[in-house]
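# Structure assessment
Here's the letter readout for the chains.
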Amino acid sequence: MSGIAIITEACIDVKDKACVDVCPVQCIYEYDPAKGILFSEVEAGNGEIENQHAPSPDAIAIFEDAVLYVNTEECTSCTACYQPDVCPVGAIYTEELVPDGSEKSKYNANDPNKGHDHTFFVQHSRDVFAD
Ligand code: SF4
Ligand code: SF4
(Lines give C-alpha, C1' and ligand atoms only; values in the text may rest on other atoms or scores of the structure.)
(Ligands and ions follow the chains in the order given, each with its own letter.)
Protein backbone atom coordinates (compact mmCIF):
# COMPACT_ATOMS: atom_id res chain seq x y z
CA MET A 1 0.00 0.00 0.00
CA SER A 2 1.31 3.45 -0.76
CA GLY A 3 1.01 6.42 1.55
CA ILE A 4 1.86 4.62 4.78
CA ALA A 5 2.96 7.04 7.48
CA ILE A 6 6.51 6.91 8.84
CA ILE A 7 7.54 8.86 11.95
CA THR A 8 11.13 10.10 11.76
CA GLU A 9 13.75 11.58 14.06
CA ALA A 10 12.14 14.94 14.79
CA CYS A 11 9.60 13.19 17.04
CA ILE A 12 12.37 12.12 19.43
CA ASP A 13 11.72 13.65 22.85
CA VAL A 14 8.83 15.75 21.46
CA LYS A 15 6.06 13.14 21.41
CA ASP A 16 3.21 15.59 21.79
CA LYS A 17 0.83 13.02 20.23
CA ALA A 18 -0.95 15.43 17.92
CA CYS A 19 -0.82 12.64 15.35
CA VAL A 20 -2.55 10.24 17.75
CA ASP A 21 -5.52 12.59 17.99
CA VAL A 22 -6.14 12.56 14.23
CA CYS A 23 -5.48 8.87 13.46
CA PRO A 24 -8.83 7.15 12.87
CA VAL A 25 -7.53 3.61 13.39
CA GLN A 26 -5.32 4.05 16.50
CA CYS A 27 -2.24 2.66 14.75
CA ILE A 28 0.26 5.11 16.32
CA TYR A 29 1.91 3.56 19.34
CA GLU A 30 3.78 4.57 22.44
CA TYR A 31 6.16 2.28 24.29
CA ASP A 32 5.60 1.64 27.99
CA PRO A 33 8.97 0.48 29.38
CA ALA A 34 7.46 -0.55 32.72
CA LYS A 35 4.97 -2.93 31.12
CA GLY A 36 7.11 -3.78 28.09
CA ILE A 37 4.29 -3.13 25.63
CA LEU A 38 3.52 -0.91 22.69
CA PHE A 39 0.08 0.60 23.16
CA SER A 40 -2.20 2.98 21.30
CA GLU A 41 -4.85 5.22 22.77
CA VAL A 42 -8.18 6.29 21.32
CA GLU A 43 -7.14 9.87 22.00
CA ALA A 44 -3.84 11.14 23.34
CA GLY A 45 -3.75 11.01 27.12
CA ASN A 46 -7.22 9.57 27.61
CA GLY A 47 -5.82 6.37 29.13
CA GLU A 48 -8.09 4.15 27.07
CA ILE A 49 -5.90 1.56 25.39
CA GLU A 50 -7.22 0.57 21.99
CA ASN A 51 -4.50 -1.80 20.75
CA GLN A 52 -1.30 -3.28 22.06
CA HIS A 53 1.63 -5.23 20.70
CA ALA A 54 4.80 -6.84 21.92
CA PRO A 55 7.93 -4.94 20.89
CA SER A 56 10.95 -6.51 19.28
CA PRO A 57 13.64 -6.19 22.00
CA ASP A 58 16.54 -5.17 19.75
CA ALA A 59 14.53 -2.64 17.75
CA ILE A 60 12.75 -1.02 20.70
CA ALA A 61 16.09 -0.67 22.53
CA ILE A 62 17.25 1.97 20.03
CA PHE A 63 14.83 4.74 21.00
CA GLU A 64 12.67 3.07 23.66
CA ASP A 65 9.93 5.49 24.75
CA ALA A 66 11.54 8.61 23.24
CA VAL A 67 9.52 8.42 20.03
CA LEU A 68 6.16 7.19 18.73
CA TYR A 69 5.78 4.35 16.23
CA VAL A 70 3.31 3.81 13.38
CA ASN A 71 2.30 0.19 12.95
CA THR A 72 2.68 -0.05 9.18
CA GLU A 73 0.47 -3.15 9.06
CA GLU A 74 -2.44 -1.19 10.53
CA CYS A 75 -1.96 2.22 8.86
CA THR A 76 -4.63 2.75 6.21
CA SER A 77 -2.76 5.60 4.45
CA CYS A 78 -5.64 7.90 5.31
CA THR A 79 -3.24 10.93 5.12
CA ALA A 80 -4.59 12.61 8.28
CA CYS A 81 -1.40 12.57 10.36
CA TYR A 82 0.93 13.94 7.73
CA GLN A 83 -1.08 16.98 6.82
CA PRO A 84 1.21 20.00 7.31
CA ASP A 85 -0.69 21.42 10.29
CA VAL A 86 -0.58 18.27 12.46
CA CYS A 87 2.97 17.41 13.54
CA PRO A 88 4.61 20.51 15.06
CA VAL A 89 8.08 19.32 14.08
CA GLY A 90 7.31 17.88 10.65
CA ALA A 91 8.38 14.38 11.67
CA ILE A 92 5.84 12.40 9.61
CA TYR A 93 6.40 11.45 5.97
CA THR A 94 4.73 9.05 3.60
CA GLU A 95 6.87 5.99 3.11
CA GLU A 96 7.63 6.83 -0.53
CA LEU A 97 8.74 10.37 0.33
CA VAL A 98 10.97 9.73 3.34
CA PRO A 99 13.99 11.93 2.55
CA ASP A 100 17.33 10.20 2.10
CA GLY A 101 19.51 13.28 2.40
CA SER A 102 20.21 13.47 -1.32
CA GLU A 103 19.62 16.57 -3.42
CA LYS A 104 16.23 15.30 -4.59
CA SER A 105 14.97 14.99 -1.01
CA LYS A 106 12.07 17.19 0.01
CA TYR A 107 11.65 17.95 3.71
CA ASN A 108 8.62 19.02 5.68
CA ALA A 109 8.71 22.75 6.39
CA ASN A 110 8.94 22.27 10.17
CA ASP A 111 11.46 19.40 10.14
CA PRO A 112 14.52 20.64 12.08
CA ASN A 113 16.61 17.84 10.58
CA LYS A 114 16.65 18.92 6.96
CA GLY A 115 19.52 17.30 5.10
CA HIS A 116 19.50 14.17 7.23
CA ASP A 117 18.89 10.68 5.85
CA HIS A 118 15.63 9.55 7.49
CA THR A 119 15.28 6.25 5.60
CA PHE A 120 16.42 4.27 8.65
CA PHE A 121 12.95 4.82 10.08
CA VAL A 122 11.18 3.01 7.22
CA GLN A 123 12.55 -0.39 8.24
CA HIS A 124 12.70 0.47 11.92
CA SER A 125 8.94 1.15 11.96
CA ARG A 126 8.43 -2.43 10.86
CA ASP A 127 11.15 -3.97 13.02
CA VAL A 128 9.85 -2.54 16.26
CA PHE A 129 6.64 -4.63 16.24
CA ALA A 130 7.40 -8.24 17.12
CA ASP A 131 3.92 -9.58 16.41
S1 SF4 B 1 2.72 14.79 16.04
FE2 SF4 B 1 4.88 14.59 15.43
S3 SF4 B 1 6.11 15.08 17.29
FE4 SF4 B 1 3.96 14.74 17.90
S5 SF4 B 1 3.97 12.57 18.49
FE6 SF4 B 1 3.28 12.65 16.36
S7 SF4 B 1 5.18 12.37 15.15
FE8 SF4 B 1 5.79 12.87 17.24
S1 SF4 C 1 -1.92 7.85 7.62
FE2 SF4 C 1 -3.88 7.75 8.73
S3 SF4 C 1 -4.04 5.63 9.41
FE4 SF4 C 1 -1.89 5.99 8.88
S5 SF4 C 1 -0.91 6.59 10.82
FE6 SF4 C 1 -1.52 8.46 9.76
S7 SF4 C 1 -3.53 8.96 10.60
FE8 SF4 C 1 -3.13 6.80 11.10
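Figured I'd write up the structure that's included with this text.

Rules used throughout
Residues numbered from 1 in each chain as written. Chains lettered and ligands numbered in written order. Predicted model: local features only at pLDDT ≥ 70, side-chain atom pairs only at ≥ 80, totals over all residues. Near = placed C-beta within 6 Å. Nonpolar A, V, L, I, M, F, W, Y, C, P; charged D, E, K, R; others polar. Pairing = 2+ DSSP bridges. Helix = DSSP H or I, 4+ residues; strand = E, 2+ residues; numbered from the N terminus. Core = buried A, V, L, I, M, F, W, Y, C linked by C-beta atoms within 7 Å. Buried ≥ 20, exposed ≤ 12 C-beta atoms within 10 Å, placed from the backbone. Contact = placed C-beta atoms within 7 Å.

Okay, the site of ligand 1 next. As a matter of local geometry, ligand 1 sits amid 14 residues, with C11, V14, A18, C19 and C87 nearest to it. Each residue belonging to the shell around ligand 1 can be placed in one class, and the counts come to 11 nonpolar, no polar and 3 charged.

Time to look at the pairing of strand β3 (residues 37-41). Two elements, strand β2 (residues 28-32) and β3, share 3 bridges in a ladder whose sense is antiparallel. By the bridge assignment, Y31 is partnered in β3 with L38. As consecutive antiparallel partners, β2 and β3 are separated by 4 residues, and within that stretch G36 has a phi angle of approximately 70 degrees, a positive value. Alignment of β3 against strand β4 (residues 49-53), held across 4 bridges, turns out to be antiparallel. Its bridge partner lying in β4, F39 is registered against Q52.

Residues in close proximity to ligand 2 total 14 residues, the closest being A5, C23, C75, C78 and C81. A per-class count over the shell around ligand 2 returns 11 nonpolar, 3 polar and no charged.

On to the nonpolar core, then. Within the largest apolar cluster, 29 residues are counted, with the highest numbers of intra-cluster contacts made by I7, I28 and I92. Residue assignment for this core shows that the elements contributing at least two residues are β1 (5-7), α1 (18-22), β2, β5 (69-70) and β6 (92-94). Among residues more than four places away in sequence, those in contact with I92 are A5, I7, C19, C81, Y82 and C87.

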